[in-house]
Amino acid sequence: MNIRTRKLIGTVGLLLLAIVWSLTAMAFAQAPVIAESKWLQAVYYVVAGLGWVLPAMPLVTWMSRPDPSE
């Protein structure tokens, strides 16, 4: 698979990841335990805001891999 195809697939994957991650994070943010505590909200939003990076890193690494030399 060449780099252009990997980047196309990876871009679609990253968009889907961002959409699913944000909708899931918003749903969990409505939990009564989180909604009642301002400190817990602050911690939750920092973790949820940065948490998508961990699953995205392998995808970006895969996208950036150079084409095999022929």
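Please refer to the structure placed before this passage.
Scoring rules and cut-offs
- Residues numbered from 1 in each chain as written.
- Predicted model: local features only at pLDDT ≥ 70, side-chain atom pairs only at ≥ 80, totals over all residues.
- Heavy atoms only, no water.
- Helix = DSSP H or I, 4+ residues; strand = E, 2+ residues; numbered from the N terminus.
- Rg over C-alpha atoms; globule rule 2.2 N^0.38 Å.
- Buried < 20%, exposed > 50% of the residue type's maximum accessible area, 1.4 Å probe, protein only.
- Contact = heavy atoms within 4.5 Å.
- Areas by Shrake-Rupley, 256 points an atom, 1.4 Å probe, with all protein chains shown as cover.
- Core = buried A, V, L, I, M, F, W, Y, C linked by side-chain atoms within 4.5 Å.
- Expected span 1.5 Å × (residues − 1).
- Axes fitted to C-alpha atoms, helices over the stretch in contact; angles between N-to-C directions.
- Parallel < 35°, antiparallel > 145°, perpendicular 65-115°, else oblique.
- Left-handed = near helix turned anticlockwise from the far one by under 90°.
- Phe/Tyr/Trp six-rings, centres within 6.5 Å; stacked < 30°, edge-to-face > 60°.
- Patch = residues over 30% accessible without salt bridge, like charges linked within 9 Å, V, L, I, M, F, W, Y side chains within 5 Å.
- Salt bridge = Lys/Arg side-chain N within 4 Å of Asp/Glu carboxyl O.

J.: What is the right way to read the overall build of the protein from this model?
T.: Along the protein, the regular secondary structure elements total 4 helices and 0 strands. The order of helices and strands in the protein, counted from the N terminus, is α-α-α-α. Here the C-alpha atoms of the protein give a radius of gyration of 17 Å, more than 25% beyond the 11 Å that 2.2 N^0.38 yields for 70 residues. Looking at the protein residue by residue over its 70 residues, the buried ones come to 16%. Considering only intrachain contacts with a sequence separation of at least 6, the fraction spanning at least 24 residues in the protein is 68%. With an accessible surface of roughly 5600 Å², the protein has 75% of that area assigned to carbon and sulfur atoms.

J.: When you look at the nonpolar core in this model, what are you seeing that I'm missing?
T.: General note: in soluble globular proteins, nonpolar side chains tend to be found buried as a group. Counting 5 residues, the largest nonpolar core consists of A25, A29, I34, Y44 and A48. Mapped by element, the contributors of at least two residues to this core are helix 1 (3–29) and helix 3 (38–51). If sequence neighbours within four positions are ignored, A29 has contacts with I34, A35, Y44 and Y45.

J.: So what exactly am I meant to see when it comes to helix 1 here?
T.: Along an α-helix, residues three or four apart share an orientation, since each turn contains 3.6 residues. The end-to-end C-alpha distance of helix 1, which contains 27 residues, comes to 37 Å, matching closely the 39 Å that a straight helix rising 1.5 Å per residue would cover. Buried within helix 1 we find R6, G10, L17, A25 and A29. Looking at the packing, one finds that the buried side of helix 1 touches helix 2 (32–36), helix 3 and helix 4 (53–64).

J.: Can you walk me through the packing of helix 1 against helix 4 in this structure?
T.: Packed helix pairs are specified by the crossing angle of their axes together with the interaxial distance, meaning the distance between the axes. Helix 4 packs onto helix 1 with a crossing angle of 165° between their chain directions and a minimal axis gap of 8 Å. When the interaxial angle is binned, helix 1 and helix 4 end up roughly antiparallel. The way helix 1 lies across helix 4 gives a crossing that is left-handed. Residues I3, R6, K7, I9, G10, T11, G13, L14, L17 and W21 of helix 1 pack against P55, A56, L59, V60, W62, M63 and S64 of helix 4.

J.: Help me out: how do you make sense of the packing of aromatic side chains in this one?
T.: Aromatic ring pairs are reported here in terms of the distance separating the ring centres and the angle at which the planes meet. For the coordinates displayed, the defined rule picks out 1 aromatic pair. Note on Y44 and Y45: the rings are 5.5 Å apart at their centroids and 70° apart in plane angle, and the pair reads as edge-to-face. According to the relative accessible area criterion, Y45 is partly exposed, its value standing at 47%.

J.: Even after reading the chapter, I still don't get a nonpolar patch on the surface, so can you show me in this structure?
T.: A cluster of nonpolar side chains, namely W21, W52, V53, L54 and M57, defines an oily patch on the protein surface of about 480 Å² accessible area. Sort the elements by how many residues they give to the nonpolar patch and helix 4 lands first, with 3 residues. Tracing the backbone through its elements, the reader meets V53 in helix 4.

Spatial relationships are all this shows, so hold off on functional conclusions.
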